[in-house]
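# Per-entry structural report
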Amino acid sequence: MRKGLKTINKYFSIFSKGVIKENPVFFTLLGMCPTLALTSSAENSVGLGIATMFVLTCSNIVISLLKNLIPSQVRLPCYIVIISGFVTFVGLMLKAFLPDLYDQLGIFLSLIAVNCVILSRAEVFASKNGVLASAFDGLGMGLGFTLALFIMGTIREILGTGTWFNIALPELSEPMTIFIYPAGGFFTLGFVIAAVNKFMKRRPHNISCDNCPHKGMCRRGEEE
Amino acid sequence: MNKLIIEPSPHIRSKNTTDKIMMRVLIALAPALAMSVYIFGIRALYLSIVCMGSCIIFESLFRRFVRKDFSIDPSPAVTGLLLAFCLPVTLPYYIAIIGCFVAIVVVKQLFGGLGQNFANPAVVARIVLMLSFTSQMTYWVSPFWYRDDVDTITSATPLAVEAGEQLPGLWDLLMGFHSGSFGETSIIALLIGFVFLLMTRVIRVVTPVAFVGTVALGAFIAGENVGLHVLSGGLILGAVYMATDYSTTPVSMSGKFVFGVGCGIITLAIRFFSDMPEGVSYAILIMNILTYYIDKITFPRPFGMVREPSVFFRKKKEEETKDV
């Protein structure tokens, strides 16, 4: 009984660490390309997030099944082949059932194949752990990725176009168009990461003043 | 009593403090503000006060938020006034306040506050507002639009006038009797401030002259109206007050010259080849980003230091010695 509880706890912690503690976008800064390029609307970001989550979970499962068969010298090409197989599958499914979303995502759908979140999870986790753990890891990381994209997309769509999931919101002021431009993506990402760090009480690493060009000019440099 | 004081360098201290310099910039901007109130009405003054006030408030709030020491100094007021000068006079106040937030919090304080920002806060705030609220930011009113006897309310800026339409004359351009952002039109008032800043040694003459000279020369070579290109748009305002900012421009004289010429070339390129009528703000922003590299290249040689021969010459010398 206790052993069963322990196992559930273990899998839950694997699942939850991807969502919050090691969120791929906010803490490890992986998958920046879709995060900045595709989050101009909440609908797009959730669509891409779910597609990535599906591919991540499936590829994690398959890679952890095959981890003893793949020779370590050629493991990256093997991972890419597995991942791109699932990406093709997702692409065809979207094209058949959600053609609008497929058109909106465009090239970024096929670019899931080289998304570093998926490759890093294959390399770091799935190639060293069991099938069930890898599946939970993929689900957790994918959910964290989707959540991050959803937050970015929500902020940018509300501020940039004054709508949310294409529903017009009561107009408080003129929408700030810069938020749907790439520059607004960078601004939003920076502020969201700052807020998350503040909320999680993460402190920046203590950087030494040795290499700073302003050493001796600022107060902290003089103290050191 | 021991009268010998031993202390580490610097031994010569200037009496110029940051506060004094910023006050001088504010004084230098006063004639332009007066002219803009005369041309565009009392709303120009209100907009300036709103910008200056909200910049100071944002600065104090942010310093308190990150628990840094805060003392009221005129530098956020200078930023606010400069930002206000590049806004159209009809802009709603809340948009101006958003611009002040971008200038003070995003551009200045997030990078470490006064002296640490990599780009001019007013320039970036103007660009952000321009991209965000394009229609409000390009709503240009005619001069003296607040009087009853004026027929037309809106009119194009001189740089955006279509071919065949009436261009303002040289006198109007100098005095600022044409449409545009309210602080940038009156060239005479801006130049009075420029002379004041030069006399009080707040800025050096190099950057503005290089900037304006490059634009004039380029317009002359391209066969365009030189007076129009120099006297209209934000060129004088940008060259005198924004391209001479201490923390975002090169330190050495040759660096300042390179900075000015670069600004001029980018301004001309945007005016001639892009679909935007004006490019001073983008030019200053791009050169702000390049300032670090300009400083590296134009680092002055300390007195008495022999420069190392370049790779090319060193090789030649070795070959010569071999022959001997």
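Residues numbered from 1 in each chain as written. Chains lettered and ligands numbered in written order. Predicted model: local features only at pLDDT ≥ 70, side-chain atom pairs only at ≥ 80, totals over all residues. Heavy atoms only, no water.

### Re the overall build of chain A
How we decide: A run of H or I in DSSP counts as a helix once it spans at least four residues, and a run of E counts as a strand once it spans at least two, with each numbered from the N terminus. Any two residues having at least one pair of non-hydrogen atoms within 4.5 Å are treated as being in contact. With residues, only the protein chains shown are counted as cover, and all accessible areas are computed by Shrake-Rupley using a 1.4 Å probe.
Secondary structure summary: chain A contains ten helices and two strands in total. Reading chain A from its N end, one meets helices and strands in the order α-α-α-α-α-α-α-α-β-β-α-α. Long-range pairs, those at least 24 residues apart, make up 72% of the contacts in chain A with a sequence separation of at least 6. Approximately 13,000 Å² of chain A is accessible, and the part contributed by carbon and sulfur atoms is 68%.

### What to know about the overall build of chain B
Stated precisely, the cut-off is as follows: Only protein chains enter the accessibility calculation, which uses a 1.4 Å probe; a residue is then buried when its area is under 20% of its type maximum, exposed when over 50%, and partly exposed in between.
Across its full length, chain B holds 14 helices and zero strands. Moving toward the C terminus, one meets the helices and strands of chain B in the order α-α-α-α-α-α-α-α-α-α-α-α-α-α. Looking at chain B as a whole, 48% of its 324 residues qualify as buried. Within chain B, contacts between residues at least 6 apart in sequence are counted, and of these 72% link residues at least 24 apart. Just so you have it, chain B exposes about 17,300 Å², and 66% of that area is on carbon and sulfur atoms.

### What about a positive patch on the surface?
Cut-off, in case you're wondering: Each patch is built from residues lacking any salt bridge and having more than 30% relative accessible area; the joining distance is 9 Å for like charges and 5 Å for nonpolar side chains (Val, Leu, Ile, Met, Phe, Trp, Tyr). The rule for a salt bridge is simple: a side-chain nitrogen of Lys or Arg has to be within 4 Å of a carboxyl oxygen of Asp or Glu. Only four residue types enter the tally: Lys and Arg on the positive side, Asp and Glu on the negative side, with His and both chain ends excluded. Charge positions are represented by NZ for Lys, CZ for Arg, CG for Asp and CD for Glu.
A surface patch of like charges, here positive, comprises Lys198(A), Lys201(A), Arg203(A) and Arg67(B). For Arg203(A), a relative accessible area of 74% gives the class exposed.

### Looking at the pattern of salt bridges
Across all of its chains, the model carries four salt bridges over all chains by this definition. In this structure, Arg75(A) engages Glu123(A) in a salt bridge whose closest nitrogen and oxygen atoms are separated by 2.9 Å. Taken together, the residues Arg75(A) in helix 4 (residues 75–97) and Glu123(A) in helix 7 (residues 116–126) connect sequence positions 48 residues apart. Judged by its relative accessible area of 29%, Arg75(A) falls in the partly exposed class. With a closest N to O distance of 3.1 Å, Glu59(B) and Lys108(B) form a salt bridge. With a gap of 49 residues between them, Glu59(B) in helix 2 (residues 43–65) and Lys108(B) in helix 4 (residues 93–108) connect regions that are remote in the sequence.

### Things to note about the packing of aromatic side chains
Residues and elements named next belong to chain B. So the rule is basically this: Put simply, two rings from Phe, Tyr or Trp (the six-membered ring, in Trp's case) pair if the centres are within 6.5 Å, and we call them stacked under 30 degrees between planes, edge-to-face over 60, tilted for the rest. The rule is short: NZ of Lys or CZ of Arg within 6 Å of the ring centre and within 35 degrees of the ring normal puts a charge over the ring.
Scanning all chains against the criterion turns up twelve aromatic pairs over all chains. For the pair Phe62 and Phe65, a centre-to-centre distance of 6.4 Å together with 50 degrees between the ring planes defines the contact as tilted. In this pair, Phe62 and Phe65 are both assigned in helix 2, three residues apart and thus about one turn of the helix distant. Overall, Phe65 belongs to the exposed group, its relative accessible area being 58%. Lying over the aromatic face of Tyr93, Arg43 brings its terminal NZ or CZ to 4.4 Å of the ring centre.

### Things to note about the interface of chain B and chain A
Using the following cut-off: Take the accessible area each of two parts loses on contact, using a 1.4 Å probe, and add the two losses: that sum is the buried area. In the analysis that follows, any N or O atom pair within 3.5 Å is treated as a polar contact, provided that within protein one partner can donate a hydrogen and the other can accept it, and provided that, for residues neighboring in sequence, both atoms belong to side chains.
On the side of chain A, eleven residues touch chain B, which itself brings eleven residues to the contact. Sorting the residues of chain B by area buried against chain A places Leu131(B), Ser132(B) and Phe133(B) first, and these three jointly supply 37% of that buried surface. In this structure, the connection of chain B to chain A is made through zero salt bridges. Between chain B and chain A we count one residue pair in polar contact (both at pLDDT 80 or more) in total. Secondary-structure elements contributing two or more residues to the side of chain B that touches chain A are helix 4 and helix 5 (121–132) of chain B.

### Thoughts on the nonpolar core
Note the threshold: What makes a nonpolar core is a set of buried Ala, Val, Leu, Ile, Met, Phe, Trp, Tyr and Cys residues whose side-chain atoms join them at distances within 4.5 Å.
Residues Leu82(B), Phe85(B), Leu87(B), Phe182(B), Phe211(B), Tyr241(B) and Met242(B) are the most contacted members of the largest nonpolar core, which totals 86 residues. A total of eleven residues in this core trace back to one element, the largest contributor, which is helix 1 (residues 18–40) of chain B. Among residues more than four places away in sequence, those in contact with Phe182(B) are Ser36(B), Phe40(B), Ala44(B), Leu47(B), Ser48(B), Ala84(B), Phe85(B), Leu87(B), Pro88(B) and Val89(B). Of all hydrophobic cores here, the second largest spans 30 residues; its members include Leu56(A), Val87(A), Phe108(A) and Ala113(A).

### With respect to the side chain of Gln109(B)
All names here are of chain B. Here Gln109 shows up in the loop between helix 4 and helix 5. For Gln109, a relative accessible area of 6% translates into the label buried. A distance of 3.1 Å separates polar atoms of two side chains, one belonging to Gln109 and the other to Arg63. Filtering out sequence-adjacent residues up to four positions away, Gln109 remains in contact with Glu59, Phe62, Arg63 and Ile104.

### Comments concerning the state of the cysteines
Residue and element names in this part refer to chain B. Convention followed: By disulfide we mean two sulfur atoms from cysteines, separated by a distance within 2.5 Å.
As enumerated under the stated definition, the model contains zero disulfides over all chains in all. Here Cys55 stays free of any disulfide, with the sulfur of Cys100 as its closest cysteine sulfur at 3.7 Å. Look at Cys55 and you get buried, because its relative accessible area is 0%. Free cysteine Cys263: the closest other cysteine sulfur is in Cys86, separated by 14 Å. According to the relative accessible area criterion, Cys263 is buried, its value standing at 0%.

### Observations concerning the environment of Ile63(A)
Locating Ile63(A) in the fold gives a position in helix 3 (residues 42–66). In contact with Ile63(A), other than residues within four places in its own chain, are Tyr79(A), Ile82(A), Ala122(A), Ala126(A) and Ser127(A).

### Some details on the confidence of the model for chain B
To keep things clear, this is the line we draw: Known as pLDDT, the predictor's per-residue confidence is scaled from 0 to 100.
Looking at chain B, the pLDDT average stands at 84 and 89% of residues meet or exceed 70. Both scores are available for the predicted complex, with the pTM at 0.82 and the ipTM at 0.76.

### Brief notes about unusual backbone geometry
Residues and elements named next belong to chain B. The backbone of Arg67 shows a phi angle near 55 degrees, a positive value even though the residue is not glycine. Residue position: Arg67 is located in the loop between helix 2 and helix 3 (75–85). Look at Arg67 and you get exposed, because its relative accessible area is 75%. Of note in this structure, Arg201 is not a glycine but carries a positive phi near 60 degrees.

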